[in-house]
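# Examining the three-dimensional arrangement
Residues per chain are reported as follows:
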Amino acid sequence: MTSIHKKSREHPLDEWLSFEQESILRFKKGYPDLWQVFGDSINLARAIPFAIGQQPELTKIEMHRLFLWQKVLHYQTQSLFLLLKSQLDAGFALLRLAAELSRDVIRIADDEKMLAIWLERENKPNEYKKRFKFIQNSSDEEKVHTVYKFASKFGVHGHQTDTIFSEIIGTIGPSSSMLSWGVSHYGVLDAIHMWMMSFLPMHHMCARSFLKKYFEIRPEIFLTLRDYEVTMNSFIQAISVRLAYLRKPPK
């Protein structure tokens, strides 16, 4: 049986994987300091719930919240990879999931009734929507809520964010007769800026649900998270400056 594909043609999944890896490595080489911050941030976000999880006699509701907290980080990490690969809509969709889940962790806290509502949210959606809301007098929740609304509009319900930031990146075909379009460098960096602004606030929200019980026992867990804001904020500001530069029209 003769294949309709040429033997020399690369498997489409291998081809796609190579393209995605090249996109991420290109960003890594262009922003090595920022790449290091990504790693430090993720390591910190792994370590804090792990340290809390090592405490003796955790309750079932605490273990459930720790699982959800780890899921927040998983969504954030996958979101980052998608954004670095210029898949902005998909990246923002996952960022919205992370925002929603971090909100749910703090709303559940140590309230068994709230956990029951969360577990039954598919069967009782109105009760869930009524009880699981962002609180507007909390700085962290306001920041995460802003990202949640943005990601809902441009990620989950938008489907056009990639197009908004598209630009000509090259040509294809034997005679270069066709244009190749892709997400602009500005679009990717702007998305990363949003990702970084929401990263720590989501973990602050999750940590706050354990603060009352564990701060006196392991204060360094929570203080390390707070102190890391200095590093994160300096890079957020640096990206803001870079974005402002990229917005300037060429002279």
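Below is a short write-up of the structure. Counting starts from 1 at the beginning of each chain's written sequence and moves along it residue by residue. Note on the predicted model: pLDDT of at least 70 is required for a residue's local features to be given, and 80 or more for side-chain atom pairs to be given and counted; whole-chain, interface and lining totals, by contrast, use all residues. The side-chain values count all of the structure's non-hydrogen atoms but skip hydrogen atoms and water molecules.

### What about the overall build of the chain?
Selection criterion: By definition, any uninterrupted DSSP run of H or I lasting at least four residues is a helix, any uninterrupted run of E lasting at least two residues is a strand, and each is numbered from the N terminus. When accessible area is computed with a 1.4 Å probe and restricted to protein chains, residues below 20% of their type maximum are described as buried, those above 50% as exposed, and intermediate ones as partly exposed. Contact definition: two residues touch when any of their heavy atoms are within 4.5 Å. Residue exposure ignores everything except the shown protein chains as possible cover, and the areas themselves are Shrake-Rupley values with a 1.4 Å probe.
Per the secondary structure count, the chain includes ten helices and two strands. Counting from the amino terminus, helix and strand elements in the chain follow one another as α-α-α-α-α-α-α-α-β-β-α-α. Each of the 251 residues in the chain was classed as buried or not, and the buried ones make up 42%. In the chain, 71% of the contacts between residues at least 6 apart in sequence involve partners at least 24 apart. Carbon and sulfur atoms provide 57% of the accessible area of the chain, an area that totals close to 15,200 Å².

### Topic: a nonpolar patch on the surface
Quick reminder of the rule: Like-charged residues are merged into a patch within 9 Å and nonpolar side chains (Val, Leu, Ile, Met, Phe, Trp, Tyr) within 5 Å, provided each residue has over 30% relative accessible area and no salt bridge. We count a salt bridge whenever a side-chain nitrogen from Lys or Arg sits within 4 Å of a carboxyl oxygen from Asp or Glu.
A cluster of nonpolar side chains, namely Leu211, Phe215 and Leu223, defines an oily patch on the protein surface of about 210 Å² accessible area. Within the secondary structure, Leu211 sits in helix 9 (residues 185–214). On the accessibility criterion, Leu211 (33% relative accessible area) is partly exposed.

### Describing the pattern of salt bridges
Under the criterion given, the structure shown has nine salt bridges. Taking the shortest distance from any N to any O, the salt bridge between Glu141 and Arg107 comes out at 2.9 Å. With Glu141 in helix 7 (residues 139–156) and Arg107 in helix 4 (residues 88–108), this residue pair connects regions lying 34 residues apart in the sequence. When sorted by exposure, Glu141 lands in the same class as Arg107, which is buried. With a shortest N-O distance of 3.4 Å, Arg131 and Glu127 are connected by a salt bridge. Here the residue Arg131 and the residue Glu127 both occupy positions in helix 6 (residues 125–131), the gap between them amounting to four residues, near one helical turn. Of the residues examined, Glu127 reaches a relative accessible area of 30% and is grouped as partly exposed.

### Observations regarding the nonpolar core
Here is the rule: Note on terminology: a nonpolar core comprises buried Ala, Val, Leu, Ile, Met, Phe, Trp, Tyr and Cys residues joined through side-chain atoms within 4.5 Å.
Phe27, Phe38, Ile52, Ile192 and Met196 are the most contacted members of the largest nonpolar core, which totals 68 residues. At the level of elements, helix 1 (12–30), helix 2 (32–53), helix 3 (60–84), helix 4, helix 5 (112–119), helix 7, helix 9 and helix 10 (219–247) are the ones that each hand at least two residues to this core. Tallying contributions element by element places helix 9 first for this core, with 15 residues. In contact with Ile192, not counting residues within four places along its chain, are Phe27, Leu34, Phe38, Leu80, Leu83, Leu84 and Ile239.

### A short note on the packing of aromatic side chains
Put simply, the rule is: Ring geometry is summarised as follows: Phe, Tyr and Trp rings, the Trp one being its six-membered ring, pair when their centres sit within 6.5 Å, and such pairs are stacked at plane angles under 30 degrees, edge-to-face over 60 and tilted between the two.
Overall, the coordinates contain eleven aromatic pairs when judged by the stated rule. Judged by centre distance (5.7 Å) and plane angle (80 degrees), the ring pair of Phe38 and Trp195 falls under edge-to-face. Of this pair, Phe38 sits in helix 2 while Trp195 is found in helix 9, placing the two residues 157 residues apart along the sequence. Pair check on accessibility: Phe38 and Trp195 agree, each one buried.

### Considerations on the packing of helix 3 against helix 5
Spelled out, the test is: An axis is simply a line fitted to the C-alpha atoms; with a helix, the fit covers only the stretch in contact. Between two such axes, the angle follows the N-to-C directions and lies from 0 to 180 degrees. Each angle receives one of four descriptions, namely roughly parallel if under 35 degrees, roughly antiparallel if over 145, roughly perpendicular if within 65 to 115, and oblique otherwise. It is the rotation of the near helix from the far one that decides the hand of a crossing: anticlockwise by less than a right angle makes it left-handed, clockwise makes it right-handed. Classification used: nonpolar for Ala, Val, Leu, Ile, Met, Phe, Trp, Tyr, Cys and Pro, charged for Asp, Glu, Lys and Arg, polar for all others including Gly.
Between helix 3 and helix 5, whose axes approach to 11 Å, the crossing angle comes to 50 degrees. Classified by the angle between their axes, helix 3 and helix 5 sit oblique to one another. Like other packed secondary-structure pairs, helix 3 and helix 5 cross with a definite hand, here left-handed. On helix 5, the residues that touch Ile61, His64 and Leu68 of helix 3 are Glu112, Leu115, Trp118 and Leu119. A per-class count over the contact of helix 3 with helix 5 returns five nonpolar, one polar and one charged.

### Focus on unusual backbone geometry
If you check the backbone angles, Glu57 has positive phi at about 60 degrees while not being a glycine. When you line up the elements, Glu57 lands in the loop between helix 2 and helix 3. Unlike most non-glycine residues, Ser86 shows phi in positive territory, near 70 degrees. Tracing the sequence through the fold places Ser86 in the loop between helix 3 and helix 4. For Ser86, a relative accessible area of 22% corresponds to the partly exposed category.

### Topic: helix 4
The test is simple: How far a helix is expected to stretch is found by multiplying one less than its residue total by 1.5 Å.
In this model helix 4 runs 30 Å from its N-terminal to its C-terminal C-alpha over 21 residues, within 8% of the 30 Å that 1.5 Å per residue would give. Counting buried positions along helix 4 yields 17 of 21 residues, so the element is predominantly enclosed.

### Comments concerning the packing of helix 3 against helix 9
At a minimum axis distance of 10 Å, the contact between helix 3 and helix 9 shows a crossing angle of 170 degrees. With respect to their mutual orientation, helix 3 and helix 9 come out roughly antiparallel. Of the residues in the contact of helix 3 with helix 9, the class split is 17 nonpolar, five polar and three charged.

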